[in-house]
Amino acid sequence: MSTDTADGDNELRERITNFLRRNFPQIQMHGGSAAISHLDRENGEVTVQLGGACSGCGISPMTIQAIKSRMVKEIPEIETVHADTGMGAGADGDLGGTGGGMSPSFPGETTDDGDDEGPQAPF
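Participant: Tell me what's going on with the packing of aromatic side chains, and back it up with residues and numbers.
Facilitator: Inspection of every chain in the model, using the stated rule, returns one aromatic pair. Aromatic side chains F19 and F24 sit 5.9 Å apart centroid to centroid with 65° between the ring planes, which places their arrangement in the edge-to-face category. A relative accessible area of 0% places F19 in the buried class. Residue F24 is classed as buried on the basis of its relative accessible area of 4%.

Participant: I'd like a description of the pairing of strand 2 (residues 45–52), backed by residues and values.
Facilitator: As judged from the eight bridges shared by strand 1 (residues 32–40) and strand 2, these two strands associate in the antiparallel manner. In the strand pairing of strand 2, A34 is matched with L50. Between the end of strand 1 and the start of strand 2, which pair antiparallel, lie four residues, with G44 showing a positive phi angle near 70°. You can see the chain leave strand 2, run along helix 3 (residues 60–74) and come back into strand 3 (residues 80–84), and the turn it takes is right-handed.

Parameters and conventions
Residues numbered from 1 in each chain as written. Predicted model: local features only at pLDDT ≥ 70, side-chain atom pairs only at ≥ 80, totals over all residues. Heavy atoms only, no water. Phe/Tyr/Trp six-rings, centres within 6.5 Å; stacked < 30°, edge-to-face > 60°. Buried < 20%, exposed > 50% of the residue type's maximum accessible area, 1.4 Å probe, protein only. Pairing = 2+ DSSP bridges. Helix = DSSP H or I, 4+ residues; strand = E, 2+ residues; numbered from the N terminus. Right-handed = clockwise from strand over helix to strand, strands pointing away.

Structure below.
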């Protein structure tokens, strides 16, 4: 990679970081974080990883959609934004749940797995 390319990447990274801080201060204010995990200047692609409190936040999919739609408008070099909360979400922030984990259970529901989870709640 040439020095010019490296300088251009650093400048673009800084612009993206400033964009996130300026337009989405609520991420940091609410205990979350946003970091660039991948930048492909040639193809105009960036991947943003949301972490901290964003990982369990119910509105993180909306934040991701806002980042994706606003960044491509404000930063002309960026054509595609991928974002992830790190909670088994897809690149678009959908919580489709391809990563296993526990499924929800409801009062009165029984399972045949042999594990005794204790008494059921009265509601």
